[in-house]
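Next come the chains, spelled out residue by residue.
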Amino acid sequence: MARSLVIKVTAGMESPERCNQAFTVAAAALVSGIPVSLWLTGESAWFALPGRAKEFTLPHAAQLDDLLDAVLTTGKVTLCTQCAARRDITVDDVIEGVRIAGAPTFVEEILGDGVQALVY
């Protein structure tokens, strides 16, 4: 069975290097042909909104909006239900292709055969 990667990113603009690492690993895995599911939780929840990833900058790092676009194109992006609710983000607010789901869906994904989960 093929391996896949589930990445939960909890950091946002307050911790730019940790945040960027999660997106970079997700995009690199996809380029390598590995299926990726990227979960936006905590402060990274804001990147589910149009234009927010474009506001993120980190010297010597790929543009976050480009990395997010890559994951949206060939992977899966999920916004945590509770994280969205705490920020008054609804399904009507998010970028096309971003789904909102909760802990049961996350647990189901990470317990699949051949799945590697990473948390940043």
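Described in the following lines is the structure provided in the data block. Computed from a predicted model, the values in this text were never measured in an experiment. (Residues numbered from 1 in each chain as written. Predicted model: local features only at pLDDT ≥ 70, side-chain atom pairs only at ≥ 80, totals over all residues. Heavy atoms only, no water.)

**What about the overall build of the protein chain?**
On a plain count of helices and strands, the protein chain comes out with 5 helices and 5 strands. For the protein chain, the N- to C-terminal ordering of α and β elements is β-α-β-α-α-β-α-β-α-β. Its C-alpha radius of gyration of 13 Å places the protein chain within 12% of the 14 Å reference for a compact globule of 120 residues. For the C-alpha atoms alone, the extent of the protein chain along its principal axes is close to 40 × 35 × 25 Å. Within the span of the protein chain, comprising 120 residues, buried residues form 43% of the whole. Expressed as a percentage of contacts within the protein chain between residues at least 6 apart in sequence, the contacts between residues at least 24 apart total 70%. Summing over all exposed atoms, the protein chain offers an accessible surface of approximately 6,400 Å²; the carbon and sulfur share of this is 55%. Averaging the coordinates of the 9 positive side-chain charges in the protein chain and doing the same for the 14 negative ones gives two points 6 Å apart. (Helix = DSSP H or I, 4+ residues; strand = E, 2+ residues; numbered from the N terminus. Rg over C-alpha atoms; globule rule 2.2 N^0.38 Å. Buried < 20%, exposed > 50% of the residue type's maximum accessible area, 1.4 Å probe, protein only. Contact = heavy atoms within 4.5 Å. Areas by Shrake-Rupley, 256 points an atom, 1.4 Å probe, with all protein chains shown as cover. Lys, Arg positive; Asp, Glu negative; His and termini not counted. Charge placed at Lys NZ, Arg CZ, Asp CG, Glu CD.)

**Looking at helix α3 (residues 64–74)**
Of the positions making up α3, those classed as buried are Leu64, Asp65, Leu67, Leu68 and Val71. Along the axis of α3, the buried positions cluster into a sector of 160°, meaning they face one direction only. Turned more than 90 degrees off the buried face of α3, the exposed positions are Thr73 and Thr74. Considering only its buried residues, α3 is in contact with α1 (16–31), β2 (36–40), α2 (52–55) and β3 (76–80). (Arc of directions from axis to C-beta.)

**Structural notes on the environment of cysteine 83**
Within the secondary structure, cysteine 83 sits in helix α4 (residues 81–86). Expressed as a C-alpha distance, the spacing of cysteine 83 and threonine 41, which sit 42 residues apart in the sequence, is 5.9 Å. Those residues within four positions of cysteine 83 in sequence are excluded, and the remaining contacts are Thr41, Gly42 and Ala45.

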